[in-house]
Each structure stands twice: as C-alpha cells, then as structure tokens.
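A look at the structure
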There are 2 protein chains.
Amino acid sequence: MSIQTLVEKIKEKGNPTVAGLDARLEYIPQHISGRNMMLHGETLRAAAESVVAFNCGLIDALCDIVPAVKPQAAYYELLGSYGAMALKETIDYAHAKGMYVIGDIKRNDIGATATAYAEAYLGKTRVGDTEIAPYGCDSVTVNGYLGTDGVEPFLKECRSREKSLFMLVKTSNPSSGELQNRDMEGKPLYARMAEMVAKWGEGLDTPCGYNQIGAVVGATYPEEQKIIRELLPKSYFLVPGYGAQGATAKDIANAFNDDGLGAIVNSSRGIMCAWKKTGNNGEDYKEAARAEAIRMRDDIVNAIK
Amino acid sequence: MSIQTLVEKIKEKGNPTVAGLDARLEYIPQHISGRNMMLHGETLRAAAESVVAFNCGLIDALCDIVPAVKPQAAYYELLGSYGAMALKETIDYAHAKGMYVIGDIKRNDIGATATAYAEAYLGKTRVGDTEIAPYGCDSVTVNGYLGTDGVEPFLKECRSREKSLFMLVKTSNPSSGELQNRDMEGKPLYARMAEMVAKWGEGLDTPCGYNQIGAVVGATYPEEQKIIRELLPKSYFLVPGYGAQGATAKDIANAFNDDGLGAIVNSSRGIMCAWKKTGNNGEDYKEAARAEAIRMRDDIVNAIK
C-alpha cells in the first residue's frame, strides 16, 4: 500500500496519528498474560501469545478511528521465534482490520544484505517456485548511515510494490544531537541526511502530492522539524516522541503542512498503558486505549488547526 | 563471552578470521534443500531447515580451525519465524562447538527500544520469574547514529555479562563515503564516530589489552583503517569486505596491530559458496568450505606477518 493509501486513511478518519505496538509483558493486563502463563508456563510462547491477544484487542478498539499501527521489531525479537510469529500475526490482523502497517525496524546494511531485509519486511522470499511474504509491511523505517547502496534495495520495493519508507533523519531521543546536530560542511548532519532523502525519493512522488520516501523526525525537536520540513516539502514525517517521551501537541505543529497533512504522530506507551491510569485491573484496556487515542487525536488536530 | 575469549580463540587457532553465516537458499546444495522441500513443500520451514542443516555442516567443517561465526540477521528474518528459530539453533550449535558468535544485527534505536534489542541478542527476557536468553550472542554489531542513549543499553550488557560490541564506523560498501567520509567539524564523520566509540568503551578494557567495544571497518578502505586504528588502538576491528566484496589480504594489513592481533576478517559468500567452484554438485560443500577457510587464513596470516 502506497503512502497515498495512508494519506487517504488519515483524511477519512481525520486523525494524523499512529498507534505503536511495542508490547512488553509488563504492559499487558494480568487477565491476558496470567492465562497464557497458566497454559504455557513462563515461556517465550506464553509471552508472545499474550502480545498477540493484547495487540488484537488494541486493533479492535482503534481500527475505526486510527489509520495505522507501528509495531516496533525489538519487542518481538525479545521473544525469539514466537515473537517473530507474533509480529506476523499482528501485521496480518491490522491489515484485516484495514490499518496501514509501518514496521519500525530501523534496518541498515550493505546492498546484498539490505536486499534481504527489504524482501523480508516489504517484499517476498522465493522458495522454489513459490513466493512468500515473510512480514508484508506497507512501510518500514530505515537508517541511511551506509549511503545509497544500502537504501536502494528498499527503494526497489517502493518502485515495484508501491511501498513507502521513513528514513531516520532526526531521532526523538535526548542524545540524538551528539552526531545528528553536528556541523557537516556547513549544515547539521540531519540536514545532510534530509538532502539524501530528497535524492532517494526522486521518481517516487504519488498523485496525492506526497512522496513514498518519508522521514523520521522527533516530536521532541520542533526547531529541527521546521528546517527538515523546508528540505523535504513532499515527504511524510513519522513523528515519535509525543506523550511518554515528553513532547506535546504544540511541539509537533511544525511537522505539518498548512493542509493539516504531511505528518503522522506516534504514541506507543501512552495508548498501550492507558489502562494503568484508570484505577482498574486492566479488563478495561481496550476502552482506555480508545479514550486515549481520541484524546490524542483531538489534542493534535486542535494544535495544527 | 568477553572479547578476551575471542582473542584467546584467535591465538589458539592462529586464525584471525570469522565465517559469515548468511545463507540464502541458492547458496545451499540441492541435496539439502531438495530433501527439505520434499518433506515440507516450498515453504519457509523447508528453507529454514535447509539453512540449519547447511550451517551445522559448515560449523562441523570449520570449528577446529576458525574461531568465530557471524550470522547475519537479515537472511534469517527473510524466513519469518522459522528463520528466527534457525538463527537460534545456529547460535546454539556454534556455541556447542566452541565458537564465538557475533550477531550481525546493526541495530539502533532510542533507549527503551535499544534495551529490548540488547536483551534480545545479548541478554535475557523475563517471563514471570523465569529468565530466558532469546538468542544469546557473544557480541553484536550496532549503529551509533542515535548517540549515547541508544548505545547505553548494549554497553550495560557488556558490563554485566561480559559481552562485546562492534560499532559501525566505516562500512565496506561502495557508497559508505556519501555520509561517512564527509567532513564533520574538521574530521570525517567516521572519525567522529570512532571518537564516540572510544568514549563508549571507557571502563570496558579487558586484561588481554583489548576493549569490549570494537568497530566495524571495511576491508575495502585501507586508508580509513589506518586512521581509525590510531583513534581506537584498543578496539578490535571486525573487517568485512574480503573476497566477494573485492578486498584482498594486502588491503586489510592496516587493521592489525604489530602483534598480529586487533582485527578479525569476515568472509561469508567466499566460504559458504566455495562448493560452487569445485565442479561438483555440492555434496563436497564442507570440504570446499574448509579448504577456502584454510586458504583465507594463510592468505591473511602471510599478509600481516
């Protein structure tokens, strides 16, 4: 699914946000994890089945109001092969419920290996005469430190399968400036990365006005957002850092264009752990997640009006 | 296992090389993949079981002469959850055969997520009161674009479990210079990254004289090797690019110190696909891999004398 599909879903729902699905076992209510540990013991399988049940509940609660989900690969890799299965099931369920899926994988490698990553997450694996999509995301995050030949295999999937990318430009974490804000031949590194992202997007514009190649730009850095927006007027921004990481709706206004489009704001722990603030035992985690997703949507929509 | 263990294995075998285990189905002889497709059809399971059988054969053929293996995560992720299982089985088998395992994962993320990656590949996952090592590598590769707080969770595993890291500094691919060689406040970016690697290694020296925090430095860039060696005298270098990527033994001499230590050179396709050059059908893949590993060892040991 092209970035155009994401833009249509955002418009349709009037909601420029994405729900991060980064479940650690401690984010999952006891009635789910306890049952699975009773069935399967204290195993990675019990943890992974809890994650799938939790994610499916969240997707059920959010799919009519939130356009996209962003599973973060790390939390699935933490559960070994059961986690890999949980990631695939989560992606398939989100697709079945009509959501756009951004795989937050931040992969980077030399060309031959980047090809394997691109095929794994966006494309297909060939076994004999059969082609199988191991994960089948619509979009993934990619780190461009290795330059063009490490990104090209991902661009190929964008060209041939209408996939989209979000390239790391300015990340949301406190130490991102240690390298990303240092001066590289007259501009900060993040601006040089943005220039390369513009180059990588050549030929990948879509009819909706946005390019298949987007950028990750932290909500926590409003000034950098403004500069990167100027360098990448046609790129969609994936904006992490709202909520748990401390950024507010005001901080992300620069990431958007005047049409209210151009960015999608992520919240992971804010939505997943909303049930911990209701004073109940987690049986209400879907309702709590939905209420938080609506609050976040309204907060952001108001800030960018 | 500490970097000191790797150094001891290198000395004991007189061999500063590592075998990359990056199996694509087309690198695997027909007698292995054909049988698995007969048993399981054209499925990811058939591909993953072929990879495990192939890897175990390679490990059997190499374990008394090669100190380490480096599975590349991408090729396992290409096979979904079966691939994740194949990665774990490969790591366990290499350990059982006494080899050091470098997980080539090139992960990078914000602190909370980097914690999950570090636990997944170097540490343990907690389920209830049980701790489980999902992958249990001795060392992993990490991309430092996000700065200190994205690296700290990996450093923590180095401190508490004697693990080691190889940070991407100057990668072996043709376009690595697009960003890595550009000037950042008077030095190329790769040199700035090397300075940060030195800082991340503080407090992580080991009695053998080398630090737990190493660097990835491409065989294809001998001049940069020299500069990085000066900036990181106590770091082990993981050197990809020999063989299939075009670098020769002469090109990697700068990566080593005068004692013949300080670097470990990777070959993946050269060893895995050696059987394709014998004119046979692949039944001799173990012998071909072993012969190539010995040729490579002698080639490199002679070049650094």
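Let us look at the structure shown here. (Residues numbered from 1 in each chain as written. Chains lettered and ligands numbered in written order. Predicted model: local features only at pLDDT ≥ 70, side-chain atom pairs only at ≥ 80, totals over all residues. Heavy atoms only, no water.)

It is common to give the size of an interface as the accessible area lost on bringing the parts into contact. Each side of the interface is counted separately: chain B has 74 residues, and chain A has 74 residues. Each partner contributes to the roughly 6,000 Å² buried at the junction of chain B and chain A, and carbon and sulfur atoms together form 55% of this total. Connecting chain B to chain A are eight salt bridges. The salt bridge partner of B:Glu77 is A:Arg107, with a shortest N-O separation of 2.8 Å. When residues in the side of chain B that touches chain A are grouped by element, the largest group, eight residues, is from helix α6 (residues 111-121) of chain B. (Contact = heavy atoms within 4.5 Å. Buried area = accessible area lost by both parts, 1.4 Å probe. Salt bridge = Lys/Arg side-chain N within 4 Å of Asp/Glu carboxyl O. Helix = DSSP H or I, 4+ residues; strand = E, 2+ residues; numbered from the N terminus.)

Attention shifts here to the relation of the copies chain B and chain A. Its rotation angle being 180°, the transformation that places chain B on chain A also includes 0.0 Å of axial translation and leaves an RMSD of 0.0 Å. Given the turn and translation reported, the copies of this chain are related as if by a two-fold rotation axis. A shared binding surface is used by both copies, with 100% of the interface residues of chain B retained as interface residues in chain A. (Least-squares fit on C-alpha atoms with pLDDT ≥ 70 in both.)

Enumeration over the complete set of coordinates arrives at 44 salt bridges over all chains. A:Glu131 is the salt-bridge partner of A:Arg126, the closest N and O atoms lying 3.7 Å from each other. The shortest N-O distance in the salt bridge between B:Arg182 and A:Glu185 comes to 3.1 Å. With B:Arg182 in the loop between α8 (177-180) and β8 (183-184) and A:Glu185 in the loop between β8 (183-184) and β9 (187-188), this pair bridges two chains. In this structure A:Glu185 comes out as partly exposed when scored by relative accessible area, which is 41%. (Buried < 20%, exposed > 50% of the residue type's maximum accessible area, 1.4 Å probe, protein only.)

All names here are of chain B. Interhelical geometry of helix α9 (residues 189-200) versus helix α10 (residues 222-231) gives an angle of 30° and a closest axis separation of 9 Å. As judged from the angle between their axes, α9 and α10 are roughly parallel. Here α9 runs over α10; the crossing is right-handed. Contact residues: Tyr190, Ala191, Ala194 and Ala198 in α9; Glu224, Ile227, Ile228 and Leu231 in α10. (Axes fitted to C-alpha atoms, helices over the stretch in contact; angles between N-to-C directions. Parallel < 35°, antiparallel > 145°, perpendicular 65-115°, else oblique. Left-handed = near helix turned anticlockwise from the far one by under 90°.)

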